[in-house]
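One-letter residues, chain by chain:
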There are 4 protein chains.
Amino acid sequence: MTTDEKIQAVREEVAALHAELVRYGLVVWTGGNISGRVPGEDLFVIKPSGVTYDELAPDNMILCDLDGNVIPGTPGSDRSPSSDTAAHAYVYRNMSNVGGVVHTHSTYATAWAARGEAIPCVITGMADEFGGEIPVGPFAIIGDDSIGRGIVATLEGHRSRAVLMQNHGVFTIGKDARDAVKAAVMTEDVARTIHISRQLGEPIPIPQDRIDALYDRYQNVYGQKPQGEL
Amino acid sequence: MTTDEKIQAVREEVAALHAELVRYGLVVWTGGNISGRVPGEDLFVIKPSGVTYDELAPDNMILCDLDGNVIPGTPGSDRSPSSDTAAHAYVYRNMSNVGGVVHTHSTYATAWAARGEAIPCVITGMADEFGGEIPVGPFAIIGDDSIGRGIVATLEGHRSRAVLMQNHGVFTIGKDARDAVKAAVMTEDVARTIHISRQLGEPIPIPQDRIDALYDRYQNVYGQKPQGEL
Amino acid sequence: MTTDEKIQAVREEVAALHAELVRYGLVVWTGGNISGRVPGEDLFVIKPSGVTYDELAPDNMILCDLDGNVIPGTPGSDRSPSSDTAAHAYVYRNMSNVGGVVHTHSTYATAWAARGEAIPCVITGMADEFGGEIPVGPFAIIGDDSIGRGIVATLEGHRSRAVLMQNHGVFTIGKDARDAVKAAVMTEDVARTIHISRQLGEPIPIPQDRIDALYDRYQNVYGQKPQGEL
Amino acid sequence: MTTDEKIQAVREEVAALHAELVRYGLVVWTGGNISGRVPGEDLFVIKPSGVTYDELAPDNMILCDLDGNVIPGTPGSDRSPSSDTAAHAYVYRNMSNVGGVVHTHSTYATAWAARGEAIPCVITGMADEFGGEIPVGPFAIIGDDSIGRGIVATLEGHRSRAVLMQNHGVFTIGKDARDAVKAAVMTEDVARTIHISRQLGEPIPIPQDRIDALYDRYQNVYGQKPQGEL
């Protein structure tokens, strides 16, 4: 595959994956964004800013370098990239094994984030997917590297591919854009289920060794092929 | 553009935007209504009363003057305009920078309104969009100008483009009909997220200077072009 | 219109209206049922029992007399009518102004019914539509006239077109099948909104004279033509 | 019908029924799975592992023996069967009257399961369908027969066709795959309704003799033909 072919493939995947955010109700209006790293290149593809989900197409996705600068003269470069581009870029620069990043304000995840509370690992599907709790990152606002730094500082060395940024929303990472979208979907699913469970009492904790066993099996055995290491 | 062309453009936009109220689950049956000012004219276009969402089309939208009177002989003028037309008209007469008005009984916003409680600004997306809390307007019922007066008195000089009318529902304003619809969608989104967050504890407050910084950036930088001043 | 034409028109309306129960999420699987009186005849049309919503069509709707007996030799008469047919028939026999009946186990209405608690009238849209609280009927199970009697005893002389049958679900009535479906949709809408409002405090009561004024206006003025008297 | 025709019929039914899990919101991403026994044979058909709902088709369903081994050389046998195949197989080996098994992590059912709390029978539709409470099975994780044993030990001799596996999700059984899917849909429906009811107080209990009467009638009379005995 040439570099151009790789870029085109990521454009198509990133554009198409936004439909999954809509399908699972993770976004409203123009909120939320997905990016994907171009394999083997210091480039990533991200959603344009303030454009509706109905309008997204491979050719209006925006190609950026790892500092978040738009590559001039490429398709979509007449538009601004997502206002969260700096945070995505920071993650790609600092976590070399990350191939995809997703950001949403999905309802239940953001509800936990507004209280600054981590989601406890009390269902086996969450142990499979996240290997423990989904942690909370710092309060940080747009304007410098503070969101990106908060994501990396929280997820570096953590099993979870999702972080709840306090008072803000959720960022997820993955081996590619699809894997990061899966993490975003599963984050909202467990955020919702565990919220509802706690409304009428306390969920029963799962012993740590059982969480470890579930996580290990799922990362290595489940699905038609082994999951990537993250 | 001639006046007729401008009227036709607003008819098309207002009719089409009602689909967004359905898409985001803000309305049931024939509830909810959108209007749009005809730019540069003392006219606005509004949904007919008691007509289903499946039947809405540019030609059955109703053209009114700023006192809420139907303009005779225009398409749709054989029907009654929305029963909330007087409230929309009052807003257009008294807030010259408003180009669109939306009214819904969306679930979570109305739940806050029934308790007469403002929605606190505890998520950054709400700071972006509303610049602070979404305030509560007075209890007022149809029959005179009291709903319109309540909307204007509450929103005049407020950053929020949305007001929760006590025991009733939500009215939003915008620079045009699309902007007011966006405000209605975002109102329900934050009403829901913050409701859910509060079910299991208290959200962490966001410092006022951070709210101010987020609002300022979003109104001036976000999206493909600057947002209107409202 | 001949009797046959009237029957056919009601078959078509009743079959089509079931899609509204699906659209508004009021039913799952084969649950829920709608019936419509044939105007001027001692007949009504009702959904067959245990048939999926995808299969419903005018020709498998079932024609019954006012004792709930299937009219032999008519389209659909090879199937059993809804297991709630006796309750629908009882209503038509005893409330001559009722032209349509709907039964669902919609989530929020049934949640109130399981506690045996009436839904208080704390939002203006509920005052418009129901003129006050939605009352609770007795605990009654299938096998005799007790469900039908409970519906009639509760709704006779009440403004509400909806009754929550204790531990069971909701029955609504209307001037025709469409009006009863509207009442079912609005019942779930207010059941949900007021439930959510009460989760975080007490809604503000609406004074009785304001409820009366709203109900009077809505029944006589709203929509493209006056509402029926029920 | 030849064995091959029976296998093909079950492949088609099992593949198609997965759409019902999506329609009723019981699954996200590749979660959840359905299997169906091939009538009169020691075989069952199950969903492949880690494959999206959009890709499911009769020819990628997987044929297994009652020990959960894939039958070599049959369509789909190049993929792995669902990671829950051992649990399905255990149920078919030990409950000869079961013709279908469904597993989901549906939100409200899993919320009860995370607290290890049975769903009480406080609505008549639940008495019809389940004949009493939906019980909780033990905490068990993938790797041996413990999930299968927990399902069978809990449901053997119980009226309920659904079991909440602690901290995990729900398994349902039926006379065929369709009946088990219906049980999964109704489990989530009652889990949700009764959860919501309990948020604002205690539901009124239904006397045991009334539960018995409802269950008896529904299993023997409801629908166009008698229900299977399970």
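Just so it is clear, the model here is predicted, and its values are computed rather than measured.

Parameters and conventions
Residues numbered from 1 in each chain as written. Chains lettered and ligands numbered in written order. Predicted model: local features only at pLDDT ≥ 70, side-chain atom pairs only at ≥ 80, totals over all residues. Heavy atoms only, no water. Least-squares fit on C-alpha atoms with pLDDT ≥ 70 in both. Phe/Tyr/Trp six-rings, centres within 6.5 Å; stacked < 30°, edge-to-face > 60°. Helix = DSSP H or I, 4+ residues; strand = E, 2+ residues; numbered from the N terminus. Buried < 20%, exposed > 50% of the residue type's maximum accessible area, 1.4 Å probe, protein only. Lys NZ or Arg CZ within 6 Å of the ring centre and 35° of its normal. Contact = heavy atoms within 4.5 Å. 1 Å grid on protein atoms, 1.4 Å probe; cavity = no way out; pocket = protein on both sides within 12 Å on 5 of 7 lines; lining within 4 Å. Points joined across faces, edges and corners; volume = space filled by probe spheres on them. Nonpolar A, V, L, I, M, F, W, Y, C, P; charged D, E, K, R; others polar. pLDDT = per-residue confidence, 0-100. Expected span 1.5 Å × (residues − 1). Salt bridge = Lys/Arg side-chain N within 4 Å of Asp/Glu carboxyl O.

**Digging into the relation of the copies chain B and chain A**
Related by rotation about an axis and a shift along that axis, the two copies of the chain form a pair.
In step 1: Placing chain B over chain A gives an RMSD of 0.0 Å and needs a rotation angle of 90°, together with 0.0 Å of translation along the axis. Those values place the two copies in the arrangement expected of a four-fold rotation axis. Residue Gln199 of chain B, judged by its C-alpha, is the member of chain B lying nearest the rotation axis, at 5.4 Å.

**A short note on the packing of aromatic side chains**
In step 1: Going through the model one piece at a time under the given rule, you end up with 8 aromatic pairs over all chains.
In step 2: Ring plane angle 40° and centroid distance 6.3 Å describe the contact between Tyr24 of chain A and Trp29 of chain D, whose orientation is recorded as tilted. With Tyr24 of chain A in the loop between helix H1 (3-23) and strand E1 (33-37) and Trp29 of chain D in the loop between helix H1 (3-23) and strand E1 (33-37), the pair connects residues from two separate chains.
In step 3: Look at Trp29 of chain D and you get buried, because its relative accessible area is 9%.
In step 4: The ring of Trp112 of chain A carries the charged tip of Arg115 of chain A above its face, separated from the ring centre by 5.0 Å.

**Some points on the side chain of Lys6 of chain D**
In step 1: Structurally, Lys6 of chain D is set in helix H1.
In step 2: Non-local contacts of Lys6 of chain D, meaning those with residues more than four positions away in its chain, are made with Met1, Val38, Pro39, Gly40 and Glu41 of chain D.

**So, empty space enclosed by the protein**
Residue and element names in this part refer to chain A.
In step 1: Within this structure, the stated rule accounts for 3 cavities of 30 Å³ or more.
In step 2: What the largest cavity holds in volume is close to 70 Å³.
In step 3: Sorting the residues of the lining of the largest cavity by element identifies helix H4 (124-130) and helix H6 (177-199) as the ones contributing at least two each.
In step 4: With 4 residues, H6 is the single largest residue contributor to the lining of the largest cavity.
In step 5: Each residue belonging to the lining of the largest cavity can be placed in one class, and the counts come to 4 nonpolar, 5 polar and 1 charged.

**Description of the confidence of the model for chain A**
In step 1: Averaged over chain A, the pLDDT score is 95; the fraction of residues at 70 or greater is 96%.
In step 2: The complex prediction reports pTM at 0.96, with the ipTM value standing at 0.95.

**Let's talk about helix H1 (residues 3-23) of chain B**
Residues and elements named next belong to chain B.
In step 1: Between the first and last C-alpha of H1 there are 31 Å, a value that for 21 residues agrees with the 30 Å anticipated at 1.5 Å per step.
In step 2: Within H1, the full set of buried residues consists of Lys6, Ile7, Val10, Arg11, Val14, Ala15, Leu17, His18, Glu20 and Leu21.
In step 3: Packed against the buried residues of H1 are strand E1 (33-37), strand E2 (43-46), strand E3 (62-65), strand E4 (100-104) and helix H6 (177-199).

**Brief notes about the arrangement of the chains**
In step 1: One finds no contact between chain A and chain C; the C-alpha atoms of the two approach each other to within 11 Å at their closest.
In step 2: The two units chain B and chain D are non-contacting; their minimal C-alpha-C-alpha distance is 11 Å.

**Comments concerning the pattern of salt bridges**
In step 1: Tallied over the full model, the rule gives 59 salt bridges over all chains.
In step 2: Put simply, Glu202 of chain C and Arg198 of chain C hold a salt bridge, and the shortest N to O gap is 3.7 Å.
In step 3: We classify Glu202 of chain C as exposed; its relative accessible area is 57%.
In step 4: With its nearest N and O atoms 2.8 Å apart, the salt bridge here joins Glu117 of chain D to Arg198 of chain D. You can see Glu117 of chain D sitting in the loop between helix H3 (107-115) and helix H4 (124-130) and its partner Arg198 of chain D sitting in helix H6 (residues 177-199), a full 81 residues away along the chain.
In step 5: Judged by relative accessible area, Glu117 of chain D falls into the partly exposed class, the value being 24%.

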